[in-house]
Amino acid sequence: MSTANSITIDGKAGEKVTLPKAVFGVKGRPALVAQAVRTHLSNQRSASAKTKTRAEVSKTTAKMYRQKGTGRARHGSYAAPIFVGGGIAFGPDGRQNHKMSLPKSMGRLALLAALNQKAEAKQVFVLTDVNKIKKTSDVKGLSGRKLVVLATDQVKTGVYLRNLDRVNVRIASQINAYHIFSHPTIYFTPEALSELNKKYV
């Protein structure tokens, strides 16, 4: 059974906490986790890249040189893709669809597998006393690249945590495998752990 060190908002170490087995005791294939991360990143993409075709580039329509007698291949347009400054053949047109889908059951298993790996690597901590936070200066010691996972009814507390440098705040019901692996350390509140346990038990 996985355990995690607890820490107060003052940065003081507390007792070890037993992590719920239903959430942190599930192993999954690395390929599934990779697929979940790839799906999340792909769905964040926007089709903003666009190149001009030979019909859209601004080039003279005059014939390059006479049709016959030069010994060279016949050409009639400076906008042809084979010439520098010409149009692009088969380039992106701004209408690409990068959306991918993942069955809920697979996304769920990928998240639990990611949490299991983080717990085994001792990169999961339990953040206590978060309900005592009244201002950002109360938790300045938490600054650094980390993810803080709160319960649904702790949204107001997240406002103070978001002001910290490189601290990302998520609600327990909104995390996925990408959020877990994109942060070196994960901090859960006891309430968030309880919420996750109820969801996946």
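Residues numbered from 1 in each chain as written. Predicted model: local features only at pLDDT ≥ 70, side-chain atom pairs only at ≥ 80, totals over all residues. Heavy atoms only, no water.

Attention shifts here to the overall build of the chain. When you go through the chain residue by residue, the secondary structure sums to six helices and six strands. Starting at the N terminus, the α and β elements of the chain follow one another as β-β-α-α-α-β-β-α-β-α-β-α. Computed over the C-alpha atoms, the radius of gyration of the chain is 27 Å, more than 25% above the 17 Å expected from 2.2 N^0.38 for a compact globule of 201 residues. Dimensions of the chain, computed from the C-alpha atoms along their principal axes, are close to 90 × 40 × 25 Å. When the 201 residues of the chain are sorted by exposure, 35% land in the buried category. (Helix = DSSP H or I, 4+ residues; strand = E, 2+ residues; numbered from the N terminus. Rg over C-alpha atoms; globule rule 2.2 N^0.38 Å. Buried < 20%, exposed > 50% of the residue type's maximum accessible area, 1.4 Å probe, protein only.)

We now examine the packing of helix 2 (residues 30–43) against helix 3 (residues 104–120). Their axes nearest at 9 Å, the elements helix 2 and helix 3 cross at an angle of 110°. Accordingly, the angle class assigned to the pair helix 2 and helix 3 is roughly perpendicular. Crossing hand, helix 2 versus helix 3: left-handed. Residue-level inspection shows L32, V33, Q35 and A36 of helix 2 in contact with helix 3, the latter providing M106, L109, A110, A113 and Q117. When the residues that make up the contact of helix 2 with helix 3 are grouped by side-chain class, the tally is seven nonpolar, two polar and no charged. (Axes fitted to C-alpha atoms, helices over the stretch in contact; angles between N-to-C directions. Parallel < 35°, antiparallel > 145°, perpendicular 65-115°, else oblique. Left-handed = near helix turned anticlockwise from the far one by under 90°. Contact = heavy atoms within 4.5 Å. Nonpolar A, V, L, I, M, F, W, Y, C, P; charged D, E, K, R; others polar.)

Okay, the packing of aromatic side chains next. One pass over the full model with this rule turns up two aromatic pairs. Between F24 and F188, the aromatic rings sit 5.7 Å apart at their centres with planes inclined by 90°, giving edge-to-face as the arrangement. With F24 in helix 1 (residues 21–24) and F188 in strand 6 (residues 185–188), the pair connects residues that are 164 residues apart, well separated along the chain. Taking the relative accessible area as the measure of exposure, F24 reaches 1% and is therefore buried. (Phe/Tyr/Trp six-rings, centres within 6.5 Å; stacked < 30°, edge-to-face > 60°.)

On to the pairing of strand 6. Of the two faces of strand 6, the one holding T185 and Y187 and the one holding I186 and F188 are both buried throughout. As judged from the three bridges shared by strand 3 (residues 124–127) and strand 6, these two strands associate in the parallel manner. Bridge pairing in strand 6 places F125 opposite Y187. (Pairing = 2+ DSSP bridges.)

Counting residues in each nonpolar core, the largest one holds 29 residues, and the members touching the most others are L19, F24, L115, V149 and F188. At the level of elements, helix 1, helix 2, helix 3, strand 3, strand 4 (146–150), helix 5 (177–181), strand 6 and helix 6 (190–200) are the ones that each hand at least two residues to this core. No other element matches helix 3, which puts seven residues into this core. Those residues in contact with F188 that lie beyond four places of it in its chain are F24, L115, V124, F125, V126, L127, V149, I175, L193 and L196. In terms of nonpolar packing, the next biggest core, distinct from the first, is built from 15 residues, I133, L150, V167 and Y187 among them. (Core = buried A, V, L, I, M, F, W, Y, C linked by side-chain atoms within 4.5 Å.)

Let us now look at the sheet that holds strand 1 (residues 3–7). Sheet architecture is open: six strands sit in the order 2-1-3-6-4-5, paired in mixed fashion. Of all the strands in the sheet, just strand 2 (13–18) and strand 5 (167–171) have a single pairing partner and so form its edges. Strand-to-strand twist across the sheet, computed as the mean angle between neighbouring axes with direction ignored, equals 30°. Pairing between strand 4 and strand 5: five bridges, direction parallel. Following the sheet pairing, K146 is matched in strand 5 by V167. Across the face of the sheet, helix 6 comes into contact with strand 3, strand 4, strand 5 and strand 6 while running at roughly 90° to strand 6.

Okay, the pattern of salt bridges next. Scanning all chains against the criterion turns up four salt bridges. Its salt-bridge partner being K50, residue E56 comes within 3.3 Å of it at the nearest N-O pair. A salt bridge links R95 to D93, with the nearest nitrogen and oxygen atoms 2.9 Å apart. (Salt bridge = Lys/Arg side-chain N within 4 Å of Asp/Glu carboxyl O.)

In this structure, G91 sits in the loop between helix 2 and helix 3. Counting along the chain gives 40 residues from G91 to T51, while the straight-line C-alpha distance between them is 5.8 Å.

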